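Summary of the model geometry
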Amino acid sequence: AIYKNTYEPIEKIELPKGVKMIAEMQMPQNETEANTLYGNLIYRKTQGFNAVLLVFHGNEQTYDLVDLVNAVKTKLDMQVWFAFGGMESLLDSQVFINPDKYSDLLIKVASVCDGFLANYRRTSSHLFIQDDAFMRYTAEQVRIGNPLIPIVGEIYLGQTAASDDNSLNNTGKRRWN
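Being a predicted model, the structure only gives us computed values, none of them experimental.

Quick word on the overall build of the chain
A tally of regular secondary structure across the chain gives 4 helices and 5 strands. In the chain, the order of α-helices and β-strands from amino to carboxyl end is β-α-β-α-β-α-β-α-β. Classification of the 177 residues of the chain by burial places 39% in the buried group. A sequence separation of at least 24 residues applies to 82% of the contacts in the chain between residues at least 6 apart. Entry remark: accessible area of the chain is about 10,700 Å², with carbon and sulfur atoms responsible for 52%.

In structure tokens form, the structure reads like this:
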């Protein structure tokens, strides 16, 4: 159904100024990890960071992620941006998760977050070329959750999942023949 649907272009939302973001936090799995995360965020806040990137993989409970975002925002007064990173394995070519779960995560997490990164970790273009339907569906779900949330794409120069373009020299500049 996602690939049969048509999606309206999303409105551009300007990026807020002054965001100094750290990457990344994931859902803590126990009290020790939660305490470590809290301590690390307090430390980074003293260094001038005012935002953190939450990355989810799809196996988390939506309400846990929402609770984590709310705790960081209220207890630490930090912005929270988020991204779907997919499973952390290059051996697993499967990036997609159940569409209903994906939609639920995007809508509900977007409703409490300050921004969304459309490409991150396993969904970055050097590992996975997102097709139009996936990108448009993702953006639509995020904006259902928060119509004013900025969505940041990806600028990438180099080898991608669709090419083995090795025309970059070791300085990172493209060699033109």
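What to know about the packing of aromatic side chains
As enumerated under the stated definition, the model contains 7 aromatic pairs in all. Here Tyr 7 and Tyr 137 contribute two aromatic rings whose centre-to-centre distance is 6.3 Å and whose plane-to-plane angle is 75 degrees, an arrangement assigned as edge-to-face. Of this pair, Tyr 7 sits in the segment before strand S1 (21-25) while Tyr 137 is found in helix H4 (residues 132-145), placing the two residues 130 residues apart along the sequence. Tyr 137 gets classed as buried once you look at its relative accessible area, which sits at 11%. For the ring pair Phe 84 and Tyr 102, a centre distance of 5.0 Å and an interplane angle of 65 degrees mean the geometry is edge-to-face.

Overview of the side chain of His 57
Tracing the backbone shows His 57 in the loop between strand S2 (51-56) and helix H2 (62-76). Within polar-contact distance, the side chain of His 57 engages the side chain of Gln 26 at 3.2 Å.

Here's the deal with the sheet that holds S2
Backbone hydrogen bonds are what pair the strands of a sheet, in a parallel or an antiparallel way. If you walk across this open sheet you meet the 5 strands as S1-S2-S3-S4-S5, and the pairing is parallel. For this open sheet the edge positions go to S1 and strand S5 (151-152), each flanked by a neighbour on one side alone. Judged from the 6 bridges that link them, S2 and strand S3 (residues 79-84) form a sheet pairing that is parallel. Pairing of Leu 53 across the sheet is with Trp 81, part of S3. Together, S1, S2 and S3 form the strand contacts of H2, whose direction differs from that of S2 by roughly 170 degrees. Seen against the sheet, helix H3 (residues 99-110) touches S2, S3 and strand S4 (115-117) and runs at an angle of roughly 165 degrees to S3.

Focus: the packing of helix H1 (residues 31-46) against H2
Relative to each other, H1 and H2 sit at 40 degrees, their axes nearing to 12 Å. In this view, H1 runs oblique relative to H2, as classed from their interaxial angle. In terms of crossing hand, the pair formed by H1 and H2 is right-handed. Here Leu 37, Tyr 38, Leu 41, Ile 42 and Lys 45 of H1 lie close against H2, whose contacting residues are Leu 68, Val 72, Lys 75 and Leu 76.

Quick look at the packing of H2 against H3
At a closest axis distance of 10 Å, the pairing of H2 and H3 adopts a crossing angle of 20 degrees. Relative to H3, the element H2 is oriented roughly parallel. The handedness of the crossing between H2 and H3 comes out as right-handed. Packed against H2, whose contacting residues are Thr 62, Leu 65 and Val 66, the element H3 presents Lys 101, Asp 104, Leu 105, Lys 108 and Val 109 at the interface. A breakdown of the residues in the contact of H2 with H3 according to their chemical character gives 4 nonpolar, 1 polar and 3 charged.

What to know about the confidence of the model for the chain
For the chain, per-residue confidence averages 84 on the pLDDT scale, and 75% of positions sit at 70 or higher. Scored below 50 in pLDDT, residues 168-177 shows 13 contacts in the model against residues more than four places distant or in partner chains.

Rules used throughout
Residues numbered from 1 in each chain as written. Predicted model: local features only at pLDDT ≥ 70, side-chain atom pairs only at ≥ 80, totals over all residues. Heavy atoms only, no water. Helix = DSSP H or I, 4+ residues; strand = E, 2+ residues; numbered from the N terminus. Buried < 20%, exposed > 50% of the residue type's maximum accessible area, 1.4 Å probe, protein only. Contact = heavy atoms within 4.5 Å. Areas by Shrake-Rupley, 256 points an atom, 1.4 Å probe, with all protein chains shown as cover. Phe/Tyr/Trp six-rings, centres within 6.5 Å; stacked < 30°, edge-to-face > 60°. Polar contact = N/O pair within 3.5 Å; in protein donor to acceptor, adjacent residues only side chain to side chain. Pairing = 2+ DSSP bridges. Axes fitted to C-alpha atoms, helices over the stretch in contact; angles between N-to-C directions. Parallel < 35°, antiparallel > 145°, perpendicular 65-115°, else oblique. Left-handed = near helix turned anticlockwise from the far one by under 90°. Nonpolar A, V, L, I, M, F, W, Y, C, P; charged D, E, K, R; others polar. pLDDT = per-residue confidence, 0-100.

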